[in-house]
Amino acid sequence: MSSTDAPHVPGDPTVRDEVRDAAAAGTTTLVRLWPDAAGAHWSVEVPSDLGAFAAGLGRPAADVASLAAATTYPGNGAAAVVHVNPVVWPSLTAFGKRAVVTHELVHAWMGPLPGVPHWLLEGLADTVAFTDASQARRSALLGSLGADARPVLPPSDVALDSASGEAAQGYALAWFLVDRLVAASSVQQVAALAARLDRESAADQDATLREGVRRLTGTTYAAWLSQARQALAARR
Ligand SMILES: [Zn+2]
């Protein structure tokens, strides 16, 4: 959809209205941070049950049962589709509903970018989703990191896999890192780095990431990670 169209949301009218409101709020946030997104096209679908949600993602129901939402890219110029899990949706808080949809709208706007490290994409989506979050909410998200004094930064793709059981921690770490990167630069600059990484060969990607972080933060990649680790340790 464009930012002015209502999403196509079949099924439960209450869920449909909530998803529509969340999509409108998410679009407003995204466009504020990223004016070009005003021209984005996407659709939002709320299937009738878990089976239909899984079918829409082309994945087994067991793998996606706890996923609140996910985005697919039909290709051939067709708009990205944000799929909302109708089973998980009612259990989310009002803030959670908005954050989930905003997160997916970032993915829909950026496109699939298969060559980019997951922590950068997921962290950027959560940074936009949490941009208006209160300090209490941000602290609560970091609180989900538990007592692990030396988490692996950046989190690996496995740590961000919804089937791993550790995904909540991985996502919180990705958000923590990218939020710091955005604070030192901007959402659009971090997104531009992601787009550049997607065009790189695997062999050149590491050097591009290091150079990109250095340019955005004014410090080396290693020093930036080290500072993030110290900031994580200091809040405990
Ligand atoms: Zn995501």
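Quick caveat, the model's predicted, so the values are computed rather than measured.

### So, the overall build of the chain
Stage number 1. Helix and strand content of the chain: 10 helices and 3 strands.
Stage number 2. The C-alpha atoms of the chain give 17 Å as radius of gyration, which agrees with the globular expectation for 236 residues (18 Å, within 12%).
Stage number 3. With the principal axes as the frame, the chain shows a C-alpha extent of 50 × 40 × 30 Å.
Stage number 4. Relative to its full complement of 236 residues, the chain shows a buried share of 36%.
Stage number 5. The contacts of the chain with a sequence gap of at least 6 include a subset with a gap of at least 24, amounting to 65%.

### Notes on the sheet that holds strand E1 (residues 42–45)
Stage number 1. As summarised here, the arrangement of the 3 strands in space is E1-E3-E2, forming an open sheet in which the pairing is mixed. The strands lining the two open edges of the sheet, one partner per strand, are E1 and strand E2 (69–72). Here the average twist between neighbouring strands, direction ignored, is 20°.
Stage number 2. Direction of pairing for E1 relative to strand E3 (residues 80–84): parallel, over a ladder of 4 bridges. Paired with Glu 45 across the two strands is His 83, which belongs to E3.
Stage number 3. Running at roughly 15° to E2, helix H4 (residues 94–110) makes contact with E1, E2 and E3 of the sheet.

### Description of the domain arrangement of the chain
Stage number 1. By the assigned domains, the chain splits into domain 1 (1–112) and domain 2 (113–236).
Stage number 2. One C-alpha centre belongs to domain 1, the other to domain 2, and the line joining them spans 22 Å.
Stage number 3. Counting residues at the interface gives 16 residues for domain 1, matched by 17 residues for domain 2.
Stage number 4. Contributions of two or more residues to the side of domain 1 that touches domain 2 are made by helix H1 (13–33) and H4.
Stage number 5. Take the side of domain 1 that touches domain 2: its biggest share by element is 7 residues, from H4.
Stage number 6. Class assignment of the residues belonging to the side of domain 1 that touches domain 2 gives a composition of 9 nonpolar, 6 polar and 1 charged.

### Focus on helix H2 (residues 50–57)
Stage number 1. Within H2, the full set of buried residues consists of Phe 53, Ala 54 and Leu 57. Angularly, the buried residues of H2 cover 95° about the axis, an arc narrow enough to put them on a single face.
Stage number 2. The secondary structure elements touched by the buried residues of H2 are helix H3 (61–64), E2 and E3.
Stage number 3. Among the residues trailing H2, Gly 58 stands out with phi positive, at a value near 70°.

### Regarding the nonpolar core
Stage number 1. Core analysis: the biggest nonpolar cluster contains 56 residues, and Val 82, Leu 124, Val 178, Val 190 and Ala 194 have the highest contact counts within it.
Stage number 2. There are two domains that each give this core at least three residues, and those are domain 1 (1–112) and domain 2 (113–236).

### Focus on helix H9 (residues 202–217)
Stage number 1. For H9, built from 16 residues, the straight-helix expectation of 22 Å at 1.5 Å per residue is met to within 8% by its first-to-last C-alpha distance of 23 Å.
Stage number 2. Turning to H9, its buried residues number three or more, namely Leu 209, Gly 212 and Val 213.

### Considerations on the packing of H1 against H4
Stage number 1. Running from N to C, H1 and H4 point in directions that differ by 60°, and their axes come no closer than 8 Å. In this view, H1 runs oblique relative to H4, as classed from their interaxial angle. For the pair H1 and H4, the sense of crossing is right-handed. Facing Glu 18, Val 19, Ala 22, Ala 23, Ala 25, Gly 26, Thr 27, Thr 29 and Leu 30 of H1, the residues of H4 in contact are Lys 97, Arg 98, Val 101, Thr 102, Leu 105, Val 106 and Trp 109.
Stage number 2. For the contact of H1 with H4, the residue count by class is 9 nonpolar, 4 polar and 3 charged.

### Let's talk about unusual backbone geometry
Stage number 1. A cis amide bond, omega -10°, links Leu 153 with the succeeding residue Pro 154.
Stage number 2. Phi is positive for Asn 76, close to 55°, though the residue is something other than glycine.
Stage number 3. Along the chain, the position of Asn 76 falls in the loop between E2 and E3.
Stage number 4. Its 5 C-beta neighbours within 10 Å are what place Asn 76 among the exposed residues.

### Regarding the environment of Pro 35
Stage number 1. Counting through the fold element by element, Pro 35 comes out in the loop between H1 and E1.
Stage number 2. Taking the C-alpha atoms as reference points, Pro 35 and Gln 188, separated by 153 residues in sequence, lie 9.4 Å from one another.

The rules behind each value
- Residues numbered from 1 in each chain as written.
- Predicted model: local features only at pLDDT ≥ 70, side-chain atom pairs only at ≥ 80, totals over all residues.
- Helix = DSSP H or I, 4+ residues; strand = E, 2+ residues; numbered from the N terminus.
- Rg over C-alpha atoms; globule rule 2.2 N^0.38 Å.
- Buried ≥ 20, exposed ≤ 12 C-beta atoms within 10 Å, placed from the backbone.
- Contact = placed C-beta atoms within 7 Å.
- Pairing = 2+ DSSP bridges.
- Axes fitted to C-alpha atoms, helices over the stretch in contact; angles between N-to-C directions.
- Domains from an automatic or database assignment.
- Nonpolar A, V, L, I, M, F, W, Y, C, P; charged D, E, K, R; others polar.
- Arc of directions from axis to C-beta.
- Core = buried A, V, L, I, M, F, W, Y, C linked by C-beta atoms within 7 Å.
- Expected span 1.5 Å × (residues − 1).
- Parallel < 35°, antiparallel > 145°, perpendicular 65-115°, else oblique.
- Left-handed = near helix turned anticlockwise from the far one by under 90°.

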